[in-house]
Amino acid sequence: MITENYDVIVIGGGAIGLATAYHLGQRQAKTLVLEQYTFVNQLGSSAGVSRQFRIPYPDEYMVQMALDAEPYWNELQKKTDTPLLDKVGTLWFGDPEVHSTEGNIAEAEKALQALGVPYTTLKSKEIEEKYHFKNLPDNYTGLFQPDGASINFKATIETLLSLCQKEETVELREDSPVLEIKQNGDLFELTTPNGIYIAKKLAIIPGPYINSVINLLDFKIEATYWNMSSAYFKKTDPAIQYPTWFVFQNATGDNGNQFYGFPSVEWDHPEYIRVAPDFVIKPLEEPSDRTLIPNPQELAYTSEWIKNHMTGLSIVPEYTSTCLIALSTIPNKELLIDFAPPYVPNHKNIVVYATGWAAKFTPFLGKIMSDLALDGHTDFDITPFRLGYKYFLAL
């Protein structure tokens, strides 16, 4: 069965796909969202319950994007009675010489200073005294930025799904993987197990499954895939609370390197603290290789780090989870926001978001993607996130 035409089809019904559809609906664009699984699933980068909102980044343009995202979070919060952000602050600390997947502390300080973002600098002993860590090396430094928060990510997705359901011009289809994309003149014809759908424009936002969609248009993005482990540790001291945090350090011996954590929150195993490794021992070859079972060695490293450097917590995880993420292999490109490459027919009507950790930008990215889809441009400068067609690989 062929349905009526849509202005935009959004491929991917995770957080950012739903945010895009919501903004499209706000502009009265006739929109269809195709999700290959069910909505609010645990199989992609929207898995889990909590995420970190933070402003520190080593690059000014990323700091600016976080600042620009704040009013969109405020607006989204007005749409629900469920608190979406628990503002506990962001703590970055560790070896000032270390550069990691998150950046570098000194470079982040420069970026915050350049944009006038307030923060506090900390020495090793101050971090221990104020934030319940212990046995930190004397050379460790840190910064605390008060606007950081723990995101109730599941509630964020549920809020966006509810808003899309209320939009008259937005339709939602789950269990609808895209199997084929044909072009008829200026129109796209998408085949799914549940029907064939036609649209003028495509917004491709399927998280780590990006290549399974854009391969249908004869190009791909180079990425590596992490099945990230996460665990919850019981508070042995109920009075202790942590901010959101990230530690920068090199591996010593055989114990992993970067770790990050969250406060205890009402919506995510109350009285437990979530701590996770920001590394994987072995990346996946393909998203289909992911598992819902965390790597036991990664969890063992995490428990050891908690034992050595955190207070008020059990060192044995009681709950665990995993999250699948795609990371760009292009140097200095975390988030990829661009149109399809020029050799793809009708490429200016195909907008793509892929790779990176972007939960903190969810409502703002929805605005960016909707504007790109409808207008072909956005007020936000996406230059740092654009690939240039040479980085797309033709099939």
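Just so it is clear, the structure is predicted and the values come from calculations on it, not from any experiment.

## Let's talk about the pairing of strand β15 (residues 244-248)
Logical step 1: For β15, the tally of buried residues reaches five of five residues, placing the bulk of the element in the interior.
Logical step 2: Of the two faces of β15, the one holding Thr244, Phe246 and Phe248 and the one holding Trp245 and Val247 are both buried throughout.
Logical step 3: The pairing of strand β5 (residues 90-94) with β15 spans five bridges and is classified as parallel. When the sheet's bridge partners are listed, Thr90 is paired in β15 with Thr244.
Logical step 4: Pairing of β15 with strand β16 (residues 259-261), which is carried by three bridges, proceeds in the antiparallel orientation. The residue bridging Trp245 from the neighbouring strand is Gly261, located in β16.

## Focus on the pattern of salt bridges
Logical step 1: Taken as a whole, this structure holds twelve salt bridges when the rule is applied.
Logical step 2: Put simply, Glu158 and Lys154 hold a salt bridge, and the shortest N to O gap is 2.7 Å. Residue Glu158 and its partner Lys154 are located together in helix α5 (residues 153-166), separated by four residues, close to a single helical turn.
Logical step 3: Across the pair Arg386 and Asp338 runs a salt bridge whose closest N-O atoms are separated by 3.2 Å. Here Arg386 is found in the loop between α8 (362-375) and β21 (393-394), whereas its partner Asp338 is found in strand β19 (residues 336-339), with 48 residues between them in sequence.
Logical step 4: On the accessibility criterion, Arg386 (32% relative accessible area) is partly exposed.
Logical step 5: We classify Asp338 as buried; its relative accessible area is 7%.

What counts, and where the lines are drawn
Residues numbered from 1 in each chain as written. Predicted model: local features only at pLDDT ≥ 70, side-chain atom pairs only at ≥ 80, totals over all residues. Heavy atoms only, no water. Buried < 20%, exposed > 50% of the residue type's maximum accessible area, 1.4 Å probe, protein only. Helix = DSSP H or I, 4+ residues; strand = E, 2+ residues; numbered from the N terminus. Pairing = 2+ DSSP bridges. Salt bridge = Lys/Arg side-chain N within 4 Å of Asp/Glu carboxyl O.

Function cannot be inferred from these measures alone, as they are strictly geometric.
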